[in-house]
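Letter by letter, the chains look like this.
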Amino acid sequence: AIQENSELKKNRSEFYAIKESEKQSFASLLPSVGISVSRSQVNQERSDGSGLNLDQEYIMENDSISLRQPIYRPKLVQDLKKVRKEIDAEKALLLNKENIFKMRVTEAYFRLLRAYSEEALLVKRKNLLNEQKKAAIKSIEAGRGTITELAEINAANDKASVDLIRARQNIRLELNELQFYTGEKITKIKALNETEENFSIFGKHSVSYWEKQAVSNNYELRSKQDRIAAARIAIHAEKLNRYPTLDLNMQLSRGSSESTFFVDSETKSSSIGLSFFLPLYQGGSIGSRVRQFASQLDAEIEGLKVQEEDLIKRVQKTYYSMSESNELRDALKSAIKSAEIELESTKKSTEAGIRKQLDVLISQQKALG
């Protein structure tokens with residue numbers, strides 16, 4: 001399902017697009033090299049006071065290769081660190097979306113298991129009701145039964161038929177949902193091993209342990225933490241706009257042209273130097289952006305606190321729900337055992353002639369219920 005789901009494929013493609021920003025930011029620290037080639041056709045007409053007229057036609061050529069290497073630009077380094085933190089945040093967000101999708105698939109799987117279990121129980125219930133109906137008819141024929149008993153059995157049988165139809169509809173719905181998630185044709189799923197104990201780890205730790213685990217391992221919180229780290233770097237990077245910058249410049253060029261005094265002239269030149277820039281006044285824009293990023297950082301921090309509190313509440317709710325479910329499971333096991341004991345007792349009483357066969361069927365119905 002994770003590999004085939006279109007929504008997750010879209011999320012991964014968006015993440016890969018964002019990831020490319022790291023390479024773009026790193027490229028700003030590397031040298032930039034460029035080549036310039038130009039050719040121009042010049043038609044020139046000249047005249048002076050002596051009556052001399054001169055017409056010239058020539059081609060002007062200009063070729064150059066230049067290199068620019070940042071030497072001191074601290075803001076570019078901080079921008080790269082910020083981008084990397086933002087990518088970490090997006091990666092955690094993608095993993096969180098995958099986990100949410102896993103839960104949706106898992107829930108559909110367990111709903112399907114429950115639907116199969118309900119179907120199996122309802123089939124057994126209908127079979128027992130049919131046996132009860134036969135026993136009730138025989139009791140009526142023998143003068144020991146009543147029409148009311150038969151009517152109650154028929155009503156229970158009709159209700160079981162309706163419940164069975166509903167259970168089979170649920171099976172089809174859940175199968176369709178799993179097929180939608182996985183993109184595969186599913187006709188049957190593997191049942192869980194009922195004898196395997198899967199909840200032993202739950203009772204080994206307190207609710208505070210699970211709260212700490214959730215806060216430290218939750219991908220959504222990790223994404224928010226990385227965004228806060230990126231916001232702190234952004235503030236520092238913006239302050240560096242007040243710092244000077246230093247670049248290395250190199251250029252090789254060749255040109256050719258003509259003039260009145262130089263015919264078919266050619267020049268070659270090379271240059272190397274440093275470019276220094278110190279910002280003096282920018283209208284207060286830097287301070288404004290620093291305050292803007294600081295306010296955004298405060299908002300991110302408060303948002304993280306809200307998410308942590310909400311996560312802890314959900315963990316507590318799930319923990320106590322699991323505790324209640326475990327207690328309910330133990331109670332159900334005890335009830336099943338009691339029903340099985342009652343069924344065996346009824347069978348022995350029937351063999352001894354104390355109870356009726358109809359009582360055995362009723363005990364079997366209780367064990368199924």
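If you're wondering where the values come from, they're calculated on a predicted model, not measured in any experiment.

### What to know about the overall build of the protein
Link 1 in the chain: Along the protein, the regular secondary structure elements total seven helices and four strands.
Link 2 in the chain: When the 369 residues of the protein are sorted by exposure, 28% land in the buried category.
Link 3 in the chain: In the form shown here, the protein has an accessible surface area of approximately 25000 Å², with 54% of it arising from carbon and sulfur atoms.

### Digging into helix 4 (residues 207-217)
Link 1 in the chain: Buried residues of helix 4: Val207, Glu211 and Ala214, and no others. An end-on view of helix 4 places all buried positions within 65 degrees of arc, on one side of the element.

### With respect to helix 5 (residues 219-239)
Link 1 in the chain: Compared with an ideal rise of 1.5 Å per residue, which puts 21 residues at 30 Å, helix 5 spans 31 Å between its outermost C-alpha atoms and is within 8% of the ideal.
Link 2 in the chain: Those residues of helix 5 lying buried are Leu221, Ser223, Lys224, Asp226, Ile228, Ala230, Ala231, Ile233, Ala234, Ile235, Ala237 and Glu238.
Link 3 in the chain: Where helix 5 begins, the side chain of Asn218 points an oxygen toward the backbone nitrogen of Glu220, at a separation of 3.0 Å.

### With respect to the packing of aromatic side chains
Link 1 in the chain: Applying the stated criterion across every chain yields a total of six aromatic pairs.
Link 2 in the chain: Each ring, one from Phe180 and one from Tyr181, has its centre 6.0 Å from the other, and the planes form 55 degrees; the classification is tilted.
Link 3 in the chain: A residue is classified by how much of its surface remains accessible, and Phe180, at 64% relative accessible area, is exposed.
Link 4 in the chain: On the basis of relative accessible area, Tyr181 is assigned to the buried category, the value being 6%.
Link 5 in the chain: Ring geometry for Tyr209 versus Trp210: centroids 5.1 Å apart, planes at 75 degrees, classification edge-to-face.
Link 6 in the chain: Taken together, the aromatic side chains of Phe101, Phe180 and Tyr181 make up a single cluster linked through ring pairs.

### Points about the nonpolar core
Link 1 in the chain: In terms of nonpolar packing, the biggest core is built from 14 residues, with Leu112, Tyr116, Ile171, Leu175, Leu178 and Ile189 touching the most fellow members.
Link 2 in the chain: For this core, the secondary-structure elements that each account for two or more residues are helix 2 (74-141) and helix 3 (147-182).
Link 3 in the chain: With seven residues, helix 2 is the largest single contributor of residues to this core.
Link 4 in the chain: Discounting chain neighbours no more than four positions away, the residues touching Leu112 are Ile171, Glu174, Leu175, Leu178 and Ile189.
Link 5 in the chain: Formed by 11 residues, the second largest nonpolar core is a distinct cluster that contains Ala214, Leu221, Ile286 and Leu304.

Basis of the calculations
Residues numbered from 1 in each chain as written. Predicted model: local features only at pLDDT ≥ 70, side-chain atom pairs only at ≥ 80, totals over all residues. Heavy atoms only, no water. Helix = DSSP H or I, 4+ residues; strand = E, 2+ residues; numbered from the N terminus. Buried < 20%, exposed > 50% of the residue type's maximum accessible area, 1.4 Å probe, protein only. Areas by Shrake-Rupley, 256 points an atom, 1.4 Å probe, with all protein chains shown as cover. Arc of directions from axis to C-beta. Expected span 1.5 Å × (residues − 1). Polar contact = N/O pair within 3.5 Å; in protein donor to acceptor, adjacent residues only side chain to side chain. Phe/Tyr/Trp six-rings, centres within 6.5 Å; stacked < 30°, edge-to-face > 60°. Core = buried A, V, L, I, M, F, W, Y, C linked by side-chain atoms within 4.5 Å. Contact = heavy atoms within 4.5 Å.

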